[in-house]
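Letter by letter, the chains look like this.
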Amino acid sequence: MNKAIRVGFIGGFIGIALIGLSLTLGLSSCHHGLKAEAYTAYVQNPANHLKRTITTSDLEFSMQYKPYEYIICMENRNKDKKYDPIKRMSSLRGTAWFNISFKRTNSQISVLRYGLSSLAEYNQRLNYYLNYAQKDLRLLYDGDTLRPISYEFENNYNLAPQETMVAGFALPGKASHPEKNMQLVYYDRVFNSGIIKATFSTDDINNIPNLIY
Amino acid sequence: MRSIVTSAILCLVTGLIVYGLVIRLNRKTAVVDAVKLFNGYNMKKDLEGQVKGKLEFLSKQMDSVQNKWRMVSAAKEQDSAKMLSTIYGMLKQKLQDEYTQSNKMINTEVWKRLNPLIESYGKKHGLHLIIGANGMGTVLYEDNYYDMTDDLIKYVNSKYEQGD
């Protein structure tokens, strides 16, 4: 009987200690949580260094790092009940995603139509962004140069002044999410803006609040 | 009474002169060595690195054709020598064109990026005027007092690498 009490006492003590430890670790590592709307606003706020803006004489480039939670928020803005965020999250593990947007600084006309001399030139530009621009994109991660595993040009058919490229990179090793400083590099061949770079530090990535879904 | 008015006018005039001098002294000017800035910008180095491979490849091709041409000429094979001479001329022209075009492109792209950065640097430091010294006689003399070249190079490179 005494032995049973002693085992129970030790078991209870270990259990309480484990709960205490996990709570301590959880509290020390966790950030404040944000709801979807506030979370996306945080990620898009240039002050948090997850969105970098590069201005040239005539164009403005924005490079937006997209955490997995941000992708989920943007994909499920309509709160579709069939949408499975856990499944989506696991499909994103081991990758890093970015939006590369560009527009003219002082114009509402689509940048693809800027300074054109013929329709053929427009088609050439469009073809470049649809099929070849990914070759001019790379991600520098922990000494490795990564090429996109996925690329998409969001063709807005000249309805908006801003054009966007979406690129995803597979992280080397077994990293489930970006753990090192990243530098996204794009060489703009169409508008002669040169090499566009944006650095995203681990500190800024680690400071991202949790999403309250 | 007249002396009081005269003194007041004198005080006012002196005050205006001092005020004007203070305003003038507060106008900040900087001198920047444009060539040093251009050469110190990391993007220029990166672009040169990209072009370098292509130019070296063309140059090696040209050397190889030239060597063959010399050998064939020594062996007095007239037809082959003529053909290789034509190829050599074409490659030389191509290398020159490539070099000129890449220089022009680098120049355009670098200044397209530097101009807004110089403007933002000027605004950040409250400068009213930035004079670009380029060794062509625009600035005939300056001691280092107004020279902000090194600081500007640091600024543009940090913006280039960080992306803001």
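Residues numbered from 1 in each chain as written. Chains lettered and ligands numbered in written order. Predicted model: local features only at pLDDT ≥ 70, side-chain atom pairs only at ≥ 80, totals over all residues.

(A) Representation of the overall build of chain B. Counting secondary structure elements, chain B contains 5 helices and 2 strands. For chain B, the succession of helices and strands along the chain, N to C, is α-β-α-α-α-β-α. Here the C-alpha radius of gyration of chain B, 29 Å, is well above what a compact globule of 164 residues would show, namely 15 Å. By principal-axis analysis of the C-alpha atoms, chain B measures approximately 110 × 35 × 20 Å. Each of the 164 residues in chain B was classed as buried or not, and the buried ones make up 15%. Nonlocal contacts in chain B, meaning residues at least 24 apart in sequence, comprise 79% of its contacts between residues at least 6 apart. (Helix = DSSP H or I, 4+ residues; strand = E, 2+ residues; numbered from the N terminus. Rg over C-alpha atoms; globule rule 2.2 N^0.38 Å. Buried ≥ 20, exposed ≤ 12 C-beta atoms within 10 Å, placed from the backbone. Contact = placed C-beta atoms within 7 Å.)

(B) Geometry of the interface of chain A and chain B. At the junction of the two partners, chain A supplies 14 residues and chain B supplies 16 residues. Among the elements that take part in the side of chain A that touches chain B, strand 10 (residues 194-200) of chain A stands out by supplying 5 residues, more than any other. Residue composition of the side of chain A that touches chain B, by class: 4 nonpolar, 8 polar and 2 charged. (Nonpolar A, V, L, I, M, F, W, Y, C, P; charged D, E, K, R; others polar.)

(C) The environment of G115 of chain A, seen in detail. Within the secondary structure, G115 of chain A sits in the loop between strand 4 (95-104) and helix 5 (119-132). G115 of chain A sits 76 residues away from F191 of chain A along the chain, and the two C-alpha atoms are 9.3 Å apart.

(D) Representation of the sheet that holds strand 2 (residues 51-55) of chain A in the model. All names here are of chain A. Within the open sheet, the 5 strands sit side by side as 2-3-4-8-7. Their pairing is antiparallel. Pairing within the sheet leaves two strands with one partner each, and these edge strands are strand 2 and strand 7 (150-154). Averaged over all pairs of adjacent strands, the angle between strand axes in this sheet comes to 15°, irrespective of strand direction. Note that strand 2 and strand 3 (residues 59-66) share 5 bridges and pair antiparallel. Its bridge partner being in strand 3, T53 is matched across the sheet by S62. (Pairing = 2+ DSSP bridges. Axes fitted to C-alpha atoms, helices over the stretch in contact; angles between N-to-C directions.)

(E) Representation of the environment of P161 of chain A within the structure. Residue and element names in this part refer to chain A. Along the chain, P161 turns up in the loop between strand 7 and strand 8 (163-170). Looking at P161, the number of C-beta atoms within 10 Å reads 17, which means it is partly exposed. C-alpha of P161 to C-alpha of Q108: the two residues are 53 residues apart in sequence and 5.1 Å apart in space. Beyond its immediate sequence surroundings of up to four residues, P161 is in contact with K103, R104, S107, Q108, I109, S110 and V111.

(F) Representation of the confidence of the model for chain B in the model. All names here are of chain B. Per-residue pLDDT for chain B averages 88, and the proportion of residues at 70 or more is 93%. Ranking the elements of chain B by mean pLDDT puts helix 1 (residues 2-26) last with 71 and helix 5 (residues 149-162) first with 96. What the predictor reports for the complex is a pTM of 0.79 with an ipTM of 0.77. (pLDDT = per-residue confidence, 0-100.)

(G) How the structure looks around helix 5 of chain A. Taking 1.5 Å per residue, 14 residues should reach 20 Å; helix 5 of chain A reaches 19 Å between its end C-alpha atoms and fits that length. Here helix 5 of chain A lies mainly on the outside; 0 of its 14 residues are buried. (Expected span 1.5 Å × (residues − 1).)

(H) Quick peek at the packing of helix 2 (residues 36-44) of chain A against helix 3 (residues 68-75) of chain A. Residue and element names in this part refer to chain A. Following both chains from N to C, one finds helix 2 and helix 3 inclined at 125°, their axes separated by 10 Å at the closest point. Between helix 2 and helix 3, the interaxial angle falls into the category oblique. Of the two possible hands of crossing, helix 2 and helix 3 adopt the one that is left-handed. For the pair formed by helix 2 and helix 3, the contact residues are A36, Y39, T40 and V43 on the first element and E69, Y70, C73 and M74 on the second. Split into classes, the residues belonging to the contact of helix 2 with helix 3 amount to 6 nonpolar, 1 polar and 1 charged. (Parallel < 35°, antiparallel > 145°, perpendicular 65-115°, else oblique. Left-handed = near helix turned anticlockwise from the far one by under 90°.)

(I) Quick peek at the nonpolar core. Among the nonpolar cores identified, the biggest contains 34 residues, and F61, I100, A167 and L184 of chain A are the most heavily contacted of them. Not counting residues within four places of it along the chain, the set of residues in contact with I100 of chain A comprises F61, M63, T164, M165, A167 and Y186 of chain A. In this structure, L47, L114, L152 and V156 of chain B belong to the second largest nonpolar core, which totals 18 residues. (Core = buried A, V, L, I, M, F, W, Y, C linked by C-beta atoms within 7 Å.)

(J) Layout of the pairing of strand 9 (residues 182-188) of chain A. Along strand 9 of chain A, the buried face is formed by M182, L184, Y186 and D188 of chain A; none of Q183, V185 and Y187 of chain A, which line the opposite face, is buried. Linking two consecutive strands that pair antiparallel, namely strand 9 of chain A and strand 10 of chain A, is a turn of 5 residues; a positive phi of about 50° is found at N192 of chain A within it.

(K) Focus on unusual backbone geometry. A positive phi angle, close to 50°, is found at D142 of chain A, a residue other than glycine. Along the chain, D142 of chain A falls in the loop between strand 5 (137-141) and strand 6 (144-146). D142 of chain A gets classed as partly exposed once you count the C-beta atoms within 10 Å, which come to 14. Even without being a glycine, K76 of chain B presents a positive backbone phi close to 60°. Assignment of secondary structure puts K76 of chain B in the loop between helix 3 (42-74) and helix 4 (78-124).

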